[in-house]
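Letter by letter, the chains look like this.
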Amino acid sequence: MSALSRAGGPFVLCLALAAAGAWGVAASGAQTADPFAFPDSAAMAESLRIVDSVAVADSIAFEEEAAGDAGAFGNSRSILDRQRNAGFLSYNTNYAVNRGNRTWTQGADFYAAPGLLQVANQTSITIGKEQRAGRENRNRSTRTELAYRVAPWLRLGGALGLQRISDDATTANFVPLRQDNDDISAQARFNRRFGAYPLRGLLSYGYLDNQQFDQNSKGSTFGFFAATSRAFIGGSNLSLDVSQQLSRLTSTVADDSSYVQDDRNNIKDLRLSGNAVINRWLTADARANAQRSTVERPARVPEDPNDFNSELVVKPEAVDGTINNADVALHFRLPRGAALNMSGTLGKNETLYQTETTRTTIASTQAFRADYRQPFLGLDPSITYENSISDNDLTRRDPGWIESNLTRRLDISAGKILSRTLTSRFNATVTLTRRRYEGFVSNLVGTSPPSNADNRRARGSLNLNYRPSPTFDTGVTAGIEENDVVNLARASSINNTTLRTYSVTWNWSARPGSIWFVTQNNSATAAQTYYTFSTDRDQLSFIYNLATLISTTLSRSVRLELNNTLRLQSRGSWRALETGRSFGKSSEFNTLDLGLRTIYTATDWLALEAAERLSVSPTLTVSEGEAIKTNESRRTEFTAIARLNLPMGSSSGLTGDIRRTMATDRQLTYGGTPTDRANNNDYWLVNIAFRKSFGGSTR
Amino acid sequence: MKPIRAPLLALAACALIAAGCGLFDTAQPESPDSNPGIPPSFSVPESTLATLERAVESRSASNYGLCLTDSLGLQEPGFYASFDPADLAAWLQEGNPDPGIWTRERELTFFPQFLAFDPNNFYTVTLTQDPVRPDVDLNATTRILNRRYRVFAGGNPVAAGSAGLTMASVGLSGDWKIRFWEDRRDTNDVRTWGTARLSGR
């Protein structure tokens, strides 16, 4: 009797309920985490024009958005039920320096359970400073929970959370961030088994105050979470999670005392997952997830939506979100060691902004994957096929379009042990990506959608490895690759290319004696670039790369390493003449990199390292057969590193990685008036962490 | 058939089917000059300049080449171009070798690279009378047209400057072609066509 038939009724019933639930939940809501936020935040970063640090602007926008959505519900996660270290209190702090950036983090985790009472507190403080942009970011939060065990399966209690976030910078056009989130709630938790079904749940009701830079939302919140699962004989199981969060907030804005908005927020989530052992040859697993949400809040938008320079006004915003995801996988175990896996995924994700409509994203994905493997004749061949399609509807933007991406991949590989010392491996892959832009809409003059484009990449390689003894091994790999870039539109097809690359790599490693280790990697590559519609631009490049590492262990505590990399590149035209193809070298670019490293292990907890490196990269232009050096860059670098891992008793410890790099970069040009410019580029990289546990061990 | 060979055949069959049934074929692109538009005309110097504008805008390398004089079989020097002295000095100051004479062959090689500067947008070209340099008639078959040029792609400037274009009436048909392009700067913040030639895009 199969597990599926044993699971029988409950399994089918749950599956049906989940499917009904997934489609039946009211379609009104926005997910809290917006996976398509990055284009928005990138656009915001661009508009801010913080040339000092685009990354800063990006992270601000992301934090702001995430915090804004989370603030609509408050923090309902419990710190009473989380896993914790031994001891009633643990404290950790970390200080990091990355060039001009400093970050100091502190965290404390407290938990005590006197009698039937449970008390927990978690506090964290992070202060970040970025010298270049004059930016200071502070994030402080503390959360305290209290619970009384009324019965073994029921706890009643409450929670208090405080969060303060600020972000300021002296850079022009920086948008500062201020956010104060306070929430207090009463909670009831239950955890009880009803026959074969364990049931966990949480009910909470509380008050939320979310104060931002220019607006404030406060009001009541309600949260509900329940989860159950069922394990069947034979290894099959099924689990179901349901949650709902509601809040009703009154929103006001700082610059208009008469503005009041009644926000009703709602997020419902349903998750079902399970796996089934159908018989000894076949197992299956599946997951389904449905979410509906609505988040309401005031939004600042330009008074005239067609004029971004018009005055900002406050309007009510409602963000409706829908997520539907499902995936299923089948795993076959066939005779003679063969295995076949197949999986499919379907997903749709909508975030509809009613006021800031241009932020709307509607995306869907479909994916299929199959792989087959069967050992025979000493080979271990496998074949994998993947096909995925993703659509992104951006028609609410101007200019806007529907972007569709297809990725298809076929991969075949096989390996064979030819003898005790010789092994071989073959791999071939072909990948097609297809990008299409349909339904172009725009009111802007002179705009056009990006060009539809295909890219096919096919490559194959054969590798032989020879290992006659534990002290010596060598290998050779030959590969060929063809990469076709096909822009379909007339405006872009002038750049269509076929890039054909041939490569040979030879590597060897030797350990002559107990203190020496030498390894070397040689590779030679020839890359031909053929321009489909402008053959005069065809190019040929040669790259030769030689990398050598020699390691010498002088004593138990001292090791020396010598690293040498030589890279020679040349490039030129690859013209088709009546007599055949002709190479006309036009430039050379070479790199010589030499490094020496000394590692001294002073004690069990301290290692010191000194490294020196010289890198020289000359560029030469070839004119009428003569190579003329046009410029050269040189980098000399010295790095000192200290690594420590110091246990301080059983309950505390100090770890650190401190490195100081002193570097000089020189740029030499050999034009009409030769120039020689040098600049220092010294910096610190530091990461020091300390942890201490009271009443238990940190290890 | 021995059962041991079945997996090998299955693998080979899968690979052949996938490769052979067009699963990994790329689509057929449009040719950059697939829309010939108005046929080229070289009857007067101005029509040659209009042909040159349209050749850039429609990405037609062949029509662009027809606007330039060719030494082959015409018993006369082929097209060549000079650079603005400031552009040339800046180029040499960067450590680059002297570009030498910019010939017709180099111009034809450069043309697709110039179009590739902004591959996603069609270019718009305007040639207008240089307000400070009048045209000069040297003789019945040679004229110097001083034109200010502006090249944009999707609203962004690609090249701007002024050119003294020596037009010559060549061949039995008397077609007017560009024999010499004297390139000059006339803006501070947009590169000239000559700088584009030097930088190869």
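This one's a predicted model, so the numbers in the text were calculated from it and none came from an experiment.

Asks: Account for the overall build of chain B, with residues named and values stated.
Replies: Helix and strand counts for chain B stand at six helices and seven strands. Helices and strands appear in chain B in the N-to-C order α-α-α-β-α-β-α-β-β-β-β-β-α. Among the 201 residues that make up chain B, the fraction classed as buried is 32%. The long-range share in chain B, meaning contacts at least 24 apart out of those at least 6 apart in sequence, stands at 59%.

Asks: Tell me about the overall build of chain A, and name the residues and values.
Replies: Helix and strand content of chain A: three helices and 29 strands. Expressed as a percentage of the 699 residues in chain A, the buried residues total 18%. Relative to all contacts within chain A whose residues are 6 or more apart in sequence, the contacts with residues 24 or more apart total 58%.

Asks: Let's hear about helix H2 (residues 45-57) of chain B: which residues, and what values?
Replies: Residue and element names in this part refer to chain B. A rise of 1.5 Å per residue sets the reference length of H2, with its 13 residues, at 18 Å; its end C-alpha atoms lie 19 Å apart and thus fit the reference within 8%. Burial in H2 covers these residues: Pro45, Thr48, Leu49, Thr51, Leu52, Arg54, Ala55 and Val56. Just past H2, the residue Arg59 takes up positive phi, approximately 60 degrees.

Asks: Can you break down the confidence of the model for chain A residue by residue, with the values?
Replies: On average, residues of chain A score 86 in pLDDT, and 87% of them reach the 70 mark or higher. Every residue in residues 1-70 of chain A is under pLDDT 50, and counting partners more than four places away or in other chains gives 116 contacts.

Asks: Before we move on, can you summarise the environment of Thr505 of chain A with the specific residues and values?
Replies: Residues and elements named next belong to chain A. Mapped onto the secondary structure, Thr505 falls in strand E20 (residues 497-510). Given 17 C-beta atoms within 10 Å, Thr505 falls into the partly exposed group. Once the C-alpha coordinates of Thr505 and Gly656 are considered, the two residues, 151 residues apart in sequence, prove to be 38 Å apart. For Thr505, the residues in contact, after removing those within four places along its chain, are Val476, Thr477, Asn521, Asn522 and Ser523.

Asks: So what about the interface of chain A and chain B? Which residues, and what values?
Replies: With 42 residues of chain A at the interface, the matching set in chain B holds 36 residues. In terms of residue class, the side of chain A that touches chain B is made up of 17 nonpolar, 18 polar and seven charged.

Asks: Outline the pairing of strand E13 (residues 339-353) of chain A, listing residues and values.
Replies: Successive residues of a regular strand alternate their side chains across the two faces of the sheet. All names here are of chain A. Pairing between strand E12 (residues 312-333) and E13: 15 bridges, direction antiparallel. Within E13, the residue paired with Ala326 across the bridge is Leu346. Remark: five residues form the turn of the hairpin made by E12 and E13, two consecutive strands paired antiparallel; Arg336 in that turn has positive phi of roughly 60 degrees. Of the strand pairs in this sheet, E13 and strand E14 (residues 361-373) are connected by 13 bridges, and their pairing is antiparallel. Across the sheet, Glu350 pairs through a bridge with Ile362, a residue of E14.

Asks: Let's hear about the nonpolar core: which residues, and what values?
Replies: Inside soluble globular proteins, nonpolar side chains tend to come together where they are buried. Residues and elements named next belong to chain B. In terms of nonpolar packing, the biggest core is built from 33 residues, with Leu52, Tyr64, Cys67, Phe111, Leu165, Met167 and Ile178 touching the most fellow members. Elements that contribute at least two residues to this core include exactly H2, helix H3 (61-66), strand E1 (80-82), helix H5 (104-115), strand E5 (142-153), strand E6 (156-170), strand E7 (175-184) and helix H6 (193-199). In terms of residue count, E6 provides more of this core than any other element does, six residues in total. Ignoring anything within four residues of it in the chain, the contact list for Ile178 reads Thr48, Cys67, Leu68, Thr69, Phe79, Leu165 and Met167.

Asks: Kindly report on H5 of chain B, identifying the contributing residues and their values.
Replies: Between the first and last C-alpha of H5 of chain B there are 17 Å, a value that for 12 residues agrees with the 16 Å anticipated at 1.5 Å per step. When we look at burial in H5 of chain B, the residues that qualify are Arg104, Glu107, Phe110, Phe111, Pro112, Phe114 and Leu115 of chain B.

Asks: Let's hear about the environment of Gln118 of chain A: which residues, and what values?
Replies: Residues and elements named next belong to chain A. Here Gln118 shows up in strand E3 (residues 117-130). Judged by local crowding, Gln118 falls into the partly exposed class, with 18 C-beta atoms found within 10 Å. Separated by 382 residues in sequence, Gln118 and Arg500 place their C-alpha atoms 67 Å apart.

How each quantity is defined
Residues numbered from 1 in each chain as written. Chains lettered and ligands numbered in written order. Predicted model: local features only at pLDDT ≥ 70, side-chain atom pairs only at ≥ 80, totals over all residues. Helix = DSSP H or I, 4+ residues; strand = E, 2+ residues; numbered from the N terminus. Buried ≥ 20, exposed ≤ 12 C-beta atoms within 10 Å, placed from the backbone. Contact = placed C-beta atoms within 7 Å. Expected span 1.5 Å × (residues − 1). pLDDT = per-residue confidence, 0-100. Nonpolar A, V, L, I, M, F, W, Y, C, P; charged D, E, K, R; others polar. Pairing = 2+ DSSP bridges. Core = buried A, V, L, I, M, F, W, Y, C linked by C-beta atoms within 7 Å.

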